[in-house]
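Descriptive structure summary
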Amino acid sequence: MAFAAPAFSAEEVNIYSYRQPELIAPLLERFEEETGIQTNVLFLDKGLVERIQAEGVNSPVDVILTVDIGRLTEAKEGGVTQPVESELINADIPAQYRDEEGEWFALTKRGRVVYASKDRIGDIPITYEELADPKWKGAICIRDGQHPYNIALIASMIAHHGAEYTEEWLRGFKANLARKPNGNDRGQAKAIMSGECDIALGNTYYVGLMMTNEKEPEQKDWAEAITVLFPNADDRGTHVNISGMAMAKNAPHPDTALKLMEFLASPEAQEIYAEQVFEYPVLPGAEASEIVQSFGEINPDTLPLSDVAAHRKQASELVDKVRFNDGP
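Residues numbered from 1 in each chain as written. Predicted model: local features only at pLDDT ≥ 70, side-chain atom pairs only at ≥ 80, totals over all residues. Heavy atoms only, no water.

**Looking at the packing of aromatic side chains**
A complete count under the given rule lists 4 aromatic pairs for this structure. Through successive ring pairs, a cluster of aromatic residues spans Trp169, Phe173 and Phe324. Geometry around Tyr18 places Arg71 over its ring, the cationic atom sitting 4.2 Å from the centre. (Phe/Tyr/Trp six-rings, centres within 6.5 Å; stacked < 30°, edge-to-face > 60°. Lys NZ or Arg CZ within 6 Å of the ring centre and 35° of its normal.)

This is how it looks when you write it as structure tokens:
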């Protein structure tokens, strides 16, 4: 599966992907086996929307695959997607995990959870609101507050509590940090193992990636040092973000693009995808991998992701306003 220049066969589909090729390869191989339609993939680590905008009406891309609600809404707001009407997709993807106008659809979800020291904290109930409680002073690690994963969580807090509450919450959260925000989610697990902090925010799927990392086996030790806690499990539920798909505005192969999207939304494909990336299928009843199930049961926040997306700009402004990235 290598990306080709614009081609006009009805039996192929061109994909631009923010997801690394090896993560989606098993899905696309199964699709090719079942349909005979060739898939061509171009992986981009940045600038996907800008590239499609620059290509204009001659863009070869049919389907966009990406992660994070922010990047999906960025594609829609950037004018590079088009509405899709499909009874099959709508039957498989719950309403809260798709755009009201049909311009993007979630495929998998990941929880923004608390990593807690297995030895010093253990398996305890916790909430996002509690992260501002002074009892956690000097105990919390987190990556850059402006990272899309954190912005989505902060946006969800605004949606639930309003901007005034969220600003004060961020100030309390900042006061409890053990250090300036830095590193990635895996780095937070490493910091817990080293004793630099006791709890951190991270995505669920990174735990699975650390647990199975044969290239950097020290990451298995980082994963072993933490317990996954699902915030707000007993009330509104844990904040989730998504990976998703959209049909490109000028898709040269809309028919095969729709076939791929309907396949990706199917129970079979969602379980393959979720197994590969250590995420949760969005289809009710589809099972996560054994590793993901070992973290415990997730109770996802029912807040529509479109509501989260609507508050992303305000969330980013609050991060700067409280100087969150300056640390405690």
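**A short note on the packing of helix H10 (residues 254-265) against helix H11 (residues 267-277)**
Remark: H10 packs on H11, axes separated minimally by 5 Å, with the N-to-C direction vectors making an angle of 70 degrees. As judged from the angle between their axes, H10 and H11 are roughly perpendicular. Of the residues in H11, those touching H10 at Phe263, Leu264 and Ala265 are Pro267, Glu268, Ala269 and Gln270. Taken together, the residues of the contact of H10 with H11 sort by class into 5 nonpolar, 1 polar and 1 charged. (Axes fitted to C-alpha atoms, helices over the stretch in contact; angles between N-to-C directions. Helix = DSSP H or I, 4+ residues; strand = E, 2+ residues; numbered from the N terminus. Parallel < 35°, antiparallel > 145°, perpendicular 65-115°, else oblique. Contact = heavy atoms within 4.5 Å. Nonpolar A, V, L, I, M, F, W, Y, C, P; charged D, E, K, R; others polar.)

**Remarks on the pairing of strand S7 (residues 199-203)**
Of all the 5 residues making up S7, 5 are buried; the element is thus mostly covered by neighbouring parts of the structure. Where burial is concerned, the two faces of S7 agree: the one with Ile199, Leu201 and Asn203 and the one with Ala200 and Gly202 are both buried. Taken together, the 5 bridges between strand S5 (residues 105-117) and S7 define a ladder with antiparallel strand orientation. Paired with Arg112 across the two strands is Asn203, which belongs to S7. Note that strand S6 (residues 140-141) and S7 share 2 bridges and pair parallel. Opposite Cys141, over in S7, you have Ala200 as the bridge partner. (Buried < 20%, exposed > 50% of the residue type's maximum accessible area, 1.4 Å probe, protein only. Pairing = 2+ DSSP bridges.)

**As for a negative patch on the surface**
Taken together, Glu271, Glu275, Glu287 and Glu290 make up a surface patch of like negative charges. With respect to the element layout, Glu275 can be found in helix H11. (Patch = residues over 30% accessible without salt bridge, like charges linked within 9 Å, V, L, I, M, F, W, Y side chains within 5 Å. Areas by Shrake-Rupley, 256 points an atom, 1.4 Å probe, with all protein chains shown as cover. Salt bridge = Lys/Arg side-chain N within 4 Å of Asp/Glu carboxyl O. Lys, Arg positive; Asp, Glu negative; His and termini not counted. Charge placed at Lys NZ, Arg CZ, Asp CG, Glu CD.)

**Quick word on the side chain of Arg186**
Residue position: Arg186 is located in helix H7 (residues 185-194). Of the side chains with opposite charge, Glu216 lies nearest to the buried Arg186, which makes no salt bridge, at 5.8 Å. When neighbours within four sequence positions are excluded, Arg186 is seen to be in contact with Tyr206, Leu209, Met210, Asn213, Gln219 and Trp222.

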